[in-house]
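Residue strings, one per chain:
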Amino acid sequence: MDVIERINTTLAQHPIVLFMKGTPQFPMCGFSSRTVQALKAVDASYHAVNVLEDPEIRANLPRHSNWPTFPQLFIRGELIGGCDITLDLYQSGELARLVQDSHKA
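In this report, we go over the structure that sits alongside the text. (Residues numbered from 1 in each chain as written. Predicted model: local features only at pLDDT ≥ 70, side-chain atom pairs only at ≥ 80, totals over all residues. Heavy atoms only, no water.)

**Some remarks on the nonpolar core**
- Among the nonpolar cores identified, the biggest contains 15 residues, and Leu18, Leu39, Leu73, Ile75, Ile80, Leu95 and Val99 are the most heavily contacted of them.
- Among the elements of the structure, strand 1 (16-20), helix 2 (30-41), strand 3 (72-75) and helix 5 (94-102) are those that each provide at least two residues to this core.
- Ignoring sequence-local partners within four residues, the contact set of Ile75 consists of Pro15, Ile16, Ile80, Leu98 and Ser102.
- Counting residues in hydrophobic clusters, the runner-up holds eleven residues, among them Val3, Val17, Val49 and Leu61. (Core = buried A, V, L, I, M, F, W, Y, C linked by side-chain atoms within 4.5 Å. Buried < 20%, exposed > 50% of the residue type's maximum accessible area, 1.4 Å probe, protein only. Helix = DSSP H or I, 4+ residues; strand = E, 2+ residues; numbered from the N terminus. Contact = heavy atoms within 4.5 Å.)

If you want it as structure tokens, here you go:
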């Protein structure tokens, strides 16, 4: 399976996916850490992918998603954005709604 297929399979298998540096328990950059904190604050259940452990995903996801940096948050297969967008959505209350809606249907 090529890397794009692996990315698409991961997105199809999980309603919320966070491609990040490190893990939720041990984020390896401040942006990933703040994104994890926002998801935790809205009690999101999500699948995390440590791009530091998978160089193919780290190299190819930015081209696939047209988003150059990490973390990258996807909900229902759609790119939501990185840290700044996630924090803006959290502060507006929209992140909680998106997370809640992701588990419906």
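Moving on from the coordinates now.
**Side note on the pairing of strand 2 (residues 47-50)**
- As paired elements, strand 1 and strand 2 share four bridges and run parallel to each other. Directly across from Leu18, in strand 2, lies its bridge partner Ala48.
- Traced from strand 1 through helix 2 to strand 2, the parallel crossover comes out right-handed. (Pairing = 2+ DSSP bridges. Right-handed = clockwise from strand over helix to strand, strands pointing away.)

**Details of the packing of helix 2 against helix 4 (residues 83-92)**
- For the pair helix 2 and helix 4, the least separation of the axes is 9 Å and the interaxial angle reads 25 degrees. Relative to helix 4, helix 2 is oriented roughly parallel. As for the relative orientation of helix 2 and helix 4, their crossing is left-handed in sense. Contacts from Phe31, Arg34, Thr35, Ala38 and Ala41 in helix 2 reach Cys83, Thr86, Leu87 and Tyr90 in helix 4.
- Per-class residue counts for the contact of helix 2 with helix 4 are six nonpolar, two polar and one charged. (Axes fitted to C-alpha atoms, helices over the stretch in contact; angles between N-to-C directions. Parallel < 35°, antiparallel > 145°, perpendicular 65-115°, else oblique. Left-handed = near helix turned anticlockwise from the far one by under 90°. Nonpolar A, V, L, I, M, F, W, Y, C, P; charged D, E, K, R; others polar.)

**Considerations on the packing of helix 4 against helix 5**
- Where helix 4 meets helix 5, the axes come as close as 4 Å, and the angle between the chain directions of the two elements is 95 degrees. In terms of orientation, helix 4 and helix 5 fall into the roughly perpendicular class. Across the interface between the two elements, Thr86, Leu89, Tyr90 and Ser92 from helix 4 touch Glu94, Leu95 and Leu98 from helix 5.
- By residue class, the composition of the contact of helix 4 with helix 5 is four nonpolar, two polar and one charged.

**Looking at helix 2**
- In this model helix 2 runs 16 Å from its N-terminal to its C-terminal C-alpha over twelve residues, within 8% of the 16 Å that 1.5 Å per residue would give.
- If you check which residues of helix 2 are buried, you get Ser32, Thr35, Val36, Ala38 and Leu39. Along the axis of helix 2, the buried positions cluster into a sector of 160 degrees, meaning they face one direction only. Among the exposed residues of helix 2, those oriented more than 90 degrees off its buried face are Gln37 and Lys40.
- As for helix 2, its buried residues are in contact with strand 1, strand 3, helix 4 and helix 5.
- Once helix 2 finishes, Asp43 follows within two positions and takes phi at roughly 55 degrees, a positive value. (Expected span 1.5 Å × (residues − 1). Arc of directions from axis to C-beta.)

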